Amino acid sequence: MRKYFISVFIVPGLLLFSAGPLAANGNPYVPGQMVLKLWAGQEDQLDSITNLYQATIVDSLAGVGCYLLQAPEGQDPESLSLEMEYETEVEYCDANYILAAPEPVQSSQPFIDLQARGDFLTQPASTRLSLPTAQAINSGTGVSVGVIDVGVNLVHPALAGNVVSGFDFVSNDAVATDEPGGSASGHGTFIAGVIKLVAPSAEIKAYRVLDTTGNGDGFSIAEAVVRAVDEGCKVINLSMVMSGKHGSLDQALTYARDHNVMVVAAAGNDSTEVQRYPASDSYVLSVAALDSFDLKAGFSNYGSDISLAAPGTMVYAPFLDTLYAWWNGTSFAAPFVAGTAALVYASNPSATWEMVRDALRNTATSVDSINPLYEGKLGTGMVNPLAAVQSVTSSVCGDLDQNQIGPDLADLTFLVDFLFFNGPACTNQMIARIDPGTGSPDISDLQYLIDYLFFAGSVPVCAP
């Protein structure tokens, strides 16, 4: 049935890359392909709608309710999708937009280490982030991280024992290898190497969705996100960008959130405050890049939507064949955060994604004072793996301020500030509910703590 009103809003975008025809919003898309989602309860209308517009169902995204359609020959998918959106049963219909790896888009190229060899484990970023100390507490055991990218060099010696293949959505086979010969070759291997540097015991699952030029369609990327979730990944790294939202990927990100999976994305390399997707998604952790002096890297995007910052210049990691390389980009800042999220999940396997997010953001080291032009626009600061892990491993029940002492008056003040004055939340809810109970601390916890501190009440005993 036709809707009785028409409301079309086209967001002007920037041309980030050229792969396929361009939509009105500046994003390229796969010729002839559209992505459709029906409103809940309208799924039985799929055939009638596709028949009406002579579109063919190519694929579907299980658990998300999105469909990949092929437009009839000679029809422009962008125009046709706008027309299909006027049907009351349709939640949205878009062309199948293309996303791209930021580095190939911006022509940032790796510097192979044949002349300037580095040391992978002791590189400056490792020292700045106190990685060995954090790893002494937890090294990521039992956590899987999905690298959705150009694939990963599955036989690189530095990744032996860590990386496994998920799926190759470009070649449609089970071997998601990082292939040579393009501007984006090595990109996924490099990202996997940074995750290995941060969380050396974590499993890394490779999903290939971008070709060697760094381009890939949003529907395939959404498929990879859903598959990574279903295959047990607790963290997903998305080092790719586009200038507008992709409907099916947005649904896949919601699917990840609903399954308690943390998604991390690169902010982009345009040195602009303009938001890039998927980093702009409210659920995703958006990561900006810092240089070796903790200043905003010249290429890095910034803004109020940024969640965190991480080292993003002169990063040293595994590359193609058995090589290593130096590379700059927000793509390589993101896996420092993804690896830290793996450490947090490993340190507290029952943590929710909100707890992981808060642990990362609340423990970050502020860089505002040395970046006055970007104050408040580099997230809460540089990711701090040691502090993040410590924040969820405190075993002192009622130690809400997590100073390893308590419960005491300082913890009472912390709880009052949280409950009544919009103060920070304890990042470890396992020790915060002291009545004991579930969820965030509430008035019953306050009463319990007051009774313990002033009226010889029972000692707080948190839920195991």
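Here's what I pulled together on the structure shown here. Along each chain, the written sequence defines residue order, and numbers are assigned to residues from 1. Only residues with pLDDT of at least 70 get local features here, since the model is predicted, and only at 80 or more are side-chain atom pairs given and counted; chain-wide, interface and lining totals rely on the full set of residues. To obtain the side-chain values, all non-hydrogen atoms of the structure were used and water was disregarded.

**What about the packing of helix 12 (residues 409–420) against helix 14 (residues 443–454)?**
Note the cut-off: Here, axes are lines fitted to C-alpha atoms. For helices the fit covers the stretch in contact, and angles between N-to-C directions go from 0 to 180 degrees. Secondary structure elements are taken from DSSP: a helix is a run of H or I of four residues or more, a strand is a run of E of two residues or more, and numbering for both begins at the N terminus. Between 65 and 115 degrees an angle is taken as roughly perpendicular, under 35 as roughly parallel, over 145 as roughly antiparallel, and anywhere else as oblique. Handedness of a crossing is defined here by the sense of rotation of the near helix relative to the far one, left-handed for an anticlockwise turn of less than a right angle and right-handed for a clockwise turn. In this analysis, two residues are considered to be in contact whenever any of their non-hydrogen atoms come within 4.5 Å of each other. The nonpolar class holds Ala, Val, Leu, Ile, Met, Phe, Trp, Tyr, Cys and Pro. Asp, Glu, Lys and Arg form the charged class, and all remaining residues, Gly among them, are polar.
Where helix 12 meets helix 14, the axes come as close as 10 Å, and the angle between the chain directions of the two elements is 160 degrees. The orientation of helix 12 relative to helix 14 falls into the category roughly antiparallel. Judged by the sense of rotation from one axis to the other, the crossing of helix 12 with helix 14 is left-handed. Across the interface between the two elements, Leu409, Asp411, Leu412, Leu415, Val416, Leu419 and Phe420 from helix 12 touch Ile443, Asp445, Leu446, Leu449, Ile450, Leu453 and Phe454 from helix 14. A class-by-class count of the residues in the contact of helix 12 with helix 14 yields twelve nonpolar, no polar and two charged.

**Overview of the pattern of salt bridges**
Short version of the rule: For this analysis, a salt bridge means a side-chain nitrogen from Lys or Arg found within 4 Å of a carboxyl oxygen belonging to Asp or Glu. Exposed residues in this analysis have more than 50% of their type's maximum accessible area, buried residues have under 20%, and partly exposed residues fall in between, with area computed by a 1.4 Å probe over protein chains only.
This structure, assessed with the given rule, holds ten salt bridges. Taking the shortest distance from any N to any O, the salt bridge between Asp168 and Arg208 comes out at 3.0 Å. Taken together, the positions of Asp168 in strand 7 (residues 163–168) and Arg208 in strand 8 (residues 203–208) put the pair 40 residues apart, joining distant regions of the chain. Pair check on accessibility: Asp168 and Arg208 agree, each one buried. For Glu273, the salt bridge is made with Lys377, and the minimal N-O distance between the two is 3.3 Å. One end of the pair, Glu273, is in the loop between strand 11 (262–266) and strand 12 (285–290); the other, Lys377, is in the loop between helix 10 (353–362) and helix 11 (385–391), with 104 residues separating them in the sequence. Taken together, the salt bridges that share partners define one network made up of Asp168, Glu179 and Arg208.

**A word on the sheet that holds strand 2 (residues 56–61)**
Applicable threshold: Here, a strand pair is defined by DSSP locating no fewer than two bridges between the strands.
Reading across from one edge, 2-3-1-4-9 is the order of the five strands in this open sheet, with antiparallel pairing throughout. A single partner strand is all that each edge strand has here, and the edge strands are strand 2 and strand 9 (215–217). For this sheet, the mean inter-axis angle between neighbouring strands, taken without regard to orientation, is 30 degrees. Alignment of strand 1 (residues 29–38) against strand 4 (residues 90–100), held across six bridges, turns out to be antiparallel. Pairing of Tyr29 across the sheet is with Tyr97, part of strand 4. Contacts from helix 7 (residues 218–230) reach strand 1, strand 2, strand 3 (66–70), strand 4 and strand 9, with the element oriented near 30 degrees to strand 2.

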